[in-house]
Every structure is written in C-alpha cells, then in structure tokens.
Amino acid sequence: MTPHCEKLNDLLSGLGTDMAKGLSEEEAQKRLSQYGENKLKEKKKKSFLARFFEQFKDVMILILIAAALVSFATAIYEGEGFFEPVLILLIVILNAFIGVIQENKAEKALDALKSLSAPNAKVIRNGTAGVIEASKLVPGDIILLEAGDFVPSDARLIESASLKVEESALTGESVPAEKDALAEVAENAPLGDRHNMVYSGCLAAYGRAKAVVTATGMDTEIGKIANLLAEEPKEQTPLQQRLAALGKYLGIAALAACAVVFVVGLLDGMELLEIFMTSVSLAVSAIPEGLPAIVTVVLALGVQRMVKRNAIIRKLPAVETLGSASVICSDKTGTLTQNRMTLVKAFSAKSELIEDITSENSEEIKKLLLYAALCCDGKVIFEDGKEKHIGDPTETAIVLAAHKNGMKKDEIDKIYPRLAEIPFDSDRKLMTTVNRINGKNIVIVKGAFDMLSSKCVSGDMEKIRQHVEELSSQALRILAVACKEIDSIPAQISSETLESGLDFMGLVGMIDPARPEAKDAVEICKKAGIKPVMITGDNILTACAIAKELGIMNDGDEAVTGSELAAMPEEELEKRVRNISVYARVSPSDKIRIVKAWQKQGEVVAMTGDGVNDAPALKAADIGCAMGITGTDAAKSAADMTLTDDNFATIVEAVHEGRGIYDNIKKVVGFLLGTNIGEILTVFLAMLFWRQTPLLSVQLLWINLVTDSLPAIALGTEPVEKDIMERKPKPKNENIFANGFGIQIVLQGIMFALLTLAGFLIGWKSTNDISAGRTMAFFILSLTQIVHSFNMRSNHSLFKIGIFTNKNLSLAALISILMIAFVLFIPPVAAAFGLTSLPANLYLYAVILAFVPVLMLELYKKQQELKQRLDAKK
C-alpha cells in the first residue's frame, strides 16, 4: 500500500479505520502490541558491567591497581601478609560501585525528565477527540493538527485548511511546503512533492488538518534514516565544563605534589613500593575526578524538585542561567492572569449600545455572538453538568456566551457550514471564516480592533475606538467582529481576497482576572533584583490596568505599543528599555528586539511564549519559557523550560530553585576541593619537613571513600536558603570562585592540613609510635571532613539554620562516622589499616581538633553578617 497515491476511501478501508470515529481503544491497544510504540530506536544503553569497567579507565586508578598487584606479588614471594594490597583493591572496587550508582541515579533522573517533556498528539478514538502520548499512536489513528504542532507520525491528509508544513528536516527545503488533502500525487513522486502527506518530525507552521496515521516509529520516513542521523551529544552546563577543566588542573597540581612526595621518600630511604603506593593513593584521593559526576547528580536532583513545582527543564544549562535571571518578560494572558475568559460586555455598531452578557440579549447582540461563534474553533462541552472548555480561552468564552443565548456551537456549525477559512496568526491578529448563512456566502473576521478597523468600510471608527478605550480601562480584553457578503469563494484564499471592504459589526469584551499569586511573585522579583516586564497582544489600556494591579507598572514607568516600538530606533529602545514595563499589541518579532535590547544592557533575560512565531524569541532569550498548556510544540522545542501550569509565579519559583541548585553545587565544590587540598598538603608538608608519611595508602583511600561520596551528594540536597530571593542576581559569567570563594577554599584546606599535622605530631611524639601519629591523623582528617560538610550548608550560622535540619546529610554523616569507627575501633581491622589503639586523652584531643573548623567558620560567618548589616545602614 502506497499511502500518497491511494484513493482516500481505499486507504481508510485498508487501514481498517473510520475518518469520523477513528479507532476503538481496544483496536488501538491491539495495534500497539503489533506495531510497537511510535518511537525511534534509541542507542542501546550500557550495561551495569560495562559501566563498572568504565570506572577503571582513569589512568591513576589503573596505576594504583598495578601497584596493588605488584605489592600482592611481592607479599606472596616474600611470604608476608597480603591483606593491604587486597584491601586497596577492595576499596577501588567499592569506589567503582559508588561511581556507577551515581551515574545511574543521574541518568534515571534525566530520563524521567525526558518522559515528562515527551510530545503529545491530538487523536480521535471512539468518536471523541483527546490528547495522548505520541508514542501510543498506531497506524489507522485519526489525528488533528494545528499550527505549531509537531507531526507525530507519517499520515495522509483527510481534511486541510491553509496547511503549511516545515519539512526541512526531511527535504532540506527551508520554505514551508503547502499541503492539500485533495491533491493527487503520482506514485513515484519524491517526498517534497507529496502534498497530501505529512511526515513525522516535521512542523505544522500554518493552518490545520485532519489526517490518518499511515506509519509509526521506525517505519516512518524519518525512521528509515534514523540510523544515519548523528547521535545528540550529551549536554553539559558551562559550570560542568569549567569544573571538568579545573579537575584537570588540580590533577596536574596533585600529581606534581605526589611526585615531590615520591622523590623525597625515595631519597630518604623509604621502601620503593611503600612510597610509590602512598604517592599514587594520594593522587587518587586528592584528584576530584568524581566532581563532575556529583555535580550532575545535584543538577538532576534539583531539576526533579523543579518538576514538582510545575517547571520542566528541557536543557540543563538553563538551570545555571536561571540563577542569573535579572529580567522576566512575561505574556499577560494565562501567565499573569487566570486564563478563565468570561464574556461580560458586548457592543453593537448598529444599536450603538453596550450590553451586559445575559441569557436574553438583544437581537443585534445575538447576531454578533452568532457570527463571532461561527468564527471560532473552540468548543464547550457539558459533561455531568460541568463545562469543559476545549481550545483557545477567548474563543470558548464567545462560544459559551452564544450558548447562553440558545446558540449551541455544534448546531450552528451544521446550520451555517464553514466553506473556507484563514486561521489566526499572531502577525495578522485576525481569524477569518466563510460561512453559508441563509443561502449567502458571508465572510466573518474577528480579532484585534487596531488590525480590523483599517479593513472596514462602514462604521464610525473614532467613536467605536472610544468604546474600545472605555471597555479596556475596565481591564477587559476586546475583540472586534466584522463581516461582508461575497458572491463566490475566491480561487486564492488569502488575507488580500477576504479581509477587506468589511462592515463593522461590534465588539465583545471579556475579563481575565489576575492570578492572585502573581502579585506576590512580582513582589518577590523586585526583592530579588529581577525586573518583571509585561508583553501582550492586548490593548494598551487593558495591559496597563492589569500591570498596575500586579505592581509591574509603577509611577515613572512607561508603556509602549507595537506600532510605537516599530517606529523606535534601536539606540532609543536601548536607552528607554529599563523604564518600559508594558509592551502592548506587540508581534513575536518585537519580542526579539526587546530581548536583545535588555541583553545589550548586560541583563539575563527570561522570556515566555506559546505560539509558533514565538520560537525565535524563545531561542534568543537566555531562558526561553514555553507554556505547557497553551504552548505549541514549536514553542516547547525552542524553549529551555516548560511551565506545566502556564503561571508567572512558576517562573519565579524556577528562578528560586535555580539559585538554590547553583548554591548547592557551589557548596559541594567548596567542600570537595577544600578537603582534597587538605589531604594533599597534609602528606606533602609531612614528607617535606619530617620525611614521614602521616597517612598510609589504605588510610588515604578509605578517607576518600568515606567523605567524597555520601556527604557530598547529601550536601547537594540542602533545602534552598530562605533569603536566597533577597540577593541580587549573579552575573551571567561570574566564576564560581568569585568574591573570595576560591581563597576561602584554599585557606580551609590549609586549616585541615595544619590540624591533621598537629594531631599527627601529638600522637607520634607523645607515644614515640608513628602508628599512633597516623591514627590521630586518620581520625582528625576524616572527622574534620565530615564535620566540615555541615559547615558548608550555609553562609548563616549552623546553629541558626538548625544542625540536623538536612536529614540526608545527617544520615550520610552517621554512615560515614560508623565506617570510620569500624576501621578505628575494631582491632583486627585497625591493624590491617595500620592503625593502633590510643589513650583516651588523645581521642579527646582529636575530637577537639576536628571541631576547630566549626568554631573558625562560625566566627567568620558572624563577622560577615556584621559587615552586611553595616553595609546596609550606609
């Protein structure tokens, strides 16, 4: 069966489907089992075993394993115990397991996000239109397409209205291809000439259509070439890339220190194998090779938290950028307002009266509502006494008002059938239909008054404009309706042939109340140093009324219209952009200008959008936010983030979470690098001054195992700090080590080294036993690192935020302490690790020294707090 050249009825019959009712759910399930899911084959995931062995690709790990094997062989040859090399191998294997678990956790979290942002399809099954996951489509399904939808599968058109499809992914043609359900196509026609077909992965750029699915999954045209397509590279945030590079530099520094340790030990007559093992173990422990992986886990966990707050992150770098957002440009309708449109007023040009909408309006208003409802695609369905609105809220408000006056949408569509149409688009801001009314061909046009008024030849436009302003000042959204009679349907359906010479009929005014949470969100924005800006296609008076109510527009702020913006030179816009809080009657192309003007001021811009034409602006913005409810597939694919509730407050919540995630990553980085620097300096300085290693290879590896995994990940789950939205936005390209953070990390590392060396000396000199010194060093360094994970939780006092309020960290610390105690206090295990029992007073000294960082950082935090208070008073 060749779908593009078959007769439509034969094709439908061959697919066993009904163009009106579609498939039954039972039949669809059978076919899903037969054909499989409508997905392209993904690259096979690596097995647990493959990932496990990948952990050993690191050069230092391989050297350590080789050293352990040499030690093992030597021990057997010399008849000595080989517990130490076996222990080293066990620790390395355990580390590899932890690495695989971390990777799996990150991948599962990211897979969960992928499934959340999976595309949907509008389908007719059992005679009812609904939305399902595109992956559940089967051949024979009847699908509905609108402008902005991605085509979910290969399909043959049944009906089409001005349909244009962007097929560059398949054909390379940059201009959208015109489609026609009635087109006759030859069997050997190339893809680009099959005008009665639409193909999976392409985008409906204009118009609407009904089609029958002919192929799914790997049987689609894009499926046939899927194996030739380049695999999408794994996306890393700029921060991850910088940290990976930093890890390499630190690695080089650590290797240099280890080389010095090795040479000094060798010159001092230490055993070659012992000093070699110590040097390599120090390198393995000190190089933060797990840092990028832990950062990925923290990112993934944070992104999962954002999902619970109705924000789906599609691109990981957006999380980092969110923390820097300084301007939020938001649509009004549905984002700042409730998107619960209710038609409350109507004006008839004939009677020149404004009426409240009731169930008994005048004949002139009833005619206005009839014509407006005929020019709508939205529907209102009544189920169990409840209203269900399907489609654009402005249209369903009109349909409901007509219904109240005894004009049901389904009935009037049958009585006055639609003969032709020009779908709405955000550039024209109009929608047009041609309907057969009482034996006449009537063109009905509805849309923005500013656009429609210039196309009318009857009606006192200046007087009507006064009514528009009167209604708009009451925060009503106004749509105008006009019509004309034509003799016949023009051969070319276009704006030029239909949208001219119109008779003005009237206005309809609907209210969309502000979201109650939006006002609080705007207030939070201002405290956080973020400028909220309203961008809307509405009348400027309506926009200003809502903006003032929400606190977006204040005294001294400006509001401009799209026409004023179009006449404004770039230089002037850049000068005035900081004072403009409201943009009304703007087009999608205007949004790009607004974004770029703010970006030239050095600001980081978040922009919302839902239409096909919004995609370029969403891409141009630093953070593109697509609407999850009203947003088209085109907008969602261009965006960095999707708001599942289309709510302005969700953007602010996402910024809040984004700042929190970045904060947590910073804490984890500070913790890991500070402790690793402490380890390097401890061994390096001891070898330099006393020609003795304060920590053996197994001890170093055990500390690395205990402190570099669980506490670090748990620290990444720290709840977002309460005052995070009272801080100013972080500059976009600010280094993570800015504002003295890098110096703090180094100083903390020096402090850990000095405390550990002090303990080493106390234990060694007071007992004349170097094993006692090493036991002190092991106890202090490991306990200091666990304690320090609590220090890193906040810039505020640990006692102010609550010591054990991060339950994950408390549990991780408990497990880590038990692991240290296991090695320290069980004699056979302690002996295997080169540790010994200490007098009680030395354990007490070790605990005191381990808690010194708490005292030091609490004093530093207090000093910083006092400094901030003094700065605030100035």
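Residues numbered from 1 in each chain as written. Predicted model: local features only at pLDDT ≥ 70, side-chain atom pairs only at ≥ 80, totals over all residues. Heavy atoms only, no water.

Draft legend 1. Quick look at the sheet that holds strand β21 (residues 558–561). As summarised here, the arrangement of the 8 strands in space is β8-β25-β24-β23-β9-β20-β22-β21, forming an open sheet in which the pairing is mixed. The open sheet has two edge strands with one neighbour each: β8 (311–313) and β21. The sheet shows a mean angle of 20 degrees between the axes of neighbouring strands, direction not considered. Pairing geometry for strand β20 (residues 531–535) and strand β22 (residues 580–584), over 2 bridges, is parallel. Bridging from a neighbouring strand, Ile535 pairs with Tyr583 of β22. (Pairing = 2+ DSSP bridges. Helix = DSSP H or I, 4+ residues; strand = E, 2+ residues; numbered from the N terminus. Axes fitted to C-alpha atoms, helices over the stretch in contact; angles between N-to-C directions.)

Draft legend 2. Local environment of the layout of surface pockets. Empty space within the second largest pocket amounts to approximately 1200 Å³. Lining the second largest pocket we find 35 residues, and of these Asp663, Lys666, Arg727, Asn795 and Gln868 sit closest to its centre. Listing elements by their share of the lining of the second largest pocket, those giving two or more residues are α25 (648–690), α28 (741–767) and α34 (852–873). The element contributing the most residues to the lining of the second largest pocket is α34, with 8 residues. In terms of residue class, the lining of the second largest pocket is made up of 9 nonpolar, 10 polar and 16 charged. (1 Å grid on protein atoms, 1.4 Å probe; cavity = no way out; pocket = protein on both sides within 12 Å on 5 of 7 lines; lining within 4 Å. Points joined across faces, edges and corners; volume = space filled by probe spheres on them. Nonpolar A, V, L, I, M, F, W, Y, C, P; charged D, E, K, R; others polar.)

Draft legend 3. Representation of the packing of aromatic side chains within the structure. Per the stated rule, a full pass over the model turns up 9 aromatic pairs. Here the aromatic residues Phe689, Trp690, Phe760 and Trp764 are joined through ring pairs into a cluster of three or more. One cation-aromatic arrangement involves Lys730 over Tyr662; the distance from NZ or CZ to the ring centre is 4.4 Å. In this structure, Lys765 is placed above the aromatic ring of Trp764, and the distance from its NZ or CZ to the ring centre is 3.9 Å. (Phe/Tyr/Trp six-rings, centres within 6.5 Å; stacked < 30°, edge-to-face > 60°. Lys NZ or Arg CZ within 6 Å of the ring centre and 35° of its normal.)

Draft legend 4. Representation of the nonpolar core in the model. Ile328, Phe648 and Phe778 are the most contacted members of the largest nonpolar core, which has 119 residues in total. Listed in part, the 34 residues of the second largest apolar core include Ala346, Leu374, Leu479 and Met505. (Core = buried A, V, L, I, M, F, W, Y, C linked by side-chain atoms within 4.5 Å. Buried < 20%, exposed > 50% of the residue type's maximum accessible area, 1.4 Å probe, protein only.)

Draft legend 5. Layout of a nonpolar patch on the surface. A cluster of nonpolar side chains, namely Phe48, Ile93, Leu94, Phe97 and Ile101, defines an oily patch on the protein surface of about 420 Å² accessible area. Here the nonpolar patch gets 4 residues from one element, more than from any other, and that element is helix α5 (residues 83–116). Residue placement: Ile93 occurs in helix α5. Take Ile93: its relative accessible area is 34%, and that puts it in the partly exposed class. (Patch = residues over 30% accessible without salt bridge, like charges linked within 9 Å, V, L, I, M, F, W, Y side chains within 5 Å. Areas by Shrake-Rupley, 256 points an atom, 1.4 Å probe, with all protein chains shown as cover. Salt bridge = Lys/Arg side-chain N within 4 Å of Asp/Glu carboxyl O.)

Keep in mind that these numbers describe shape and distance, not what the molecule does.
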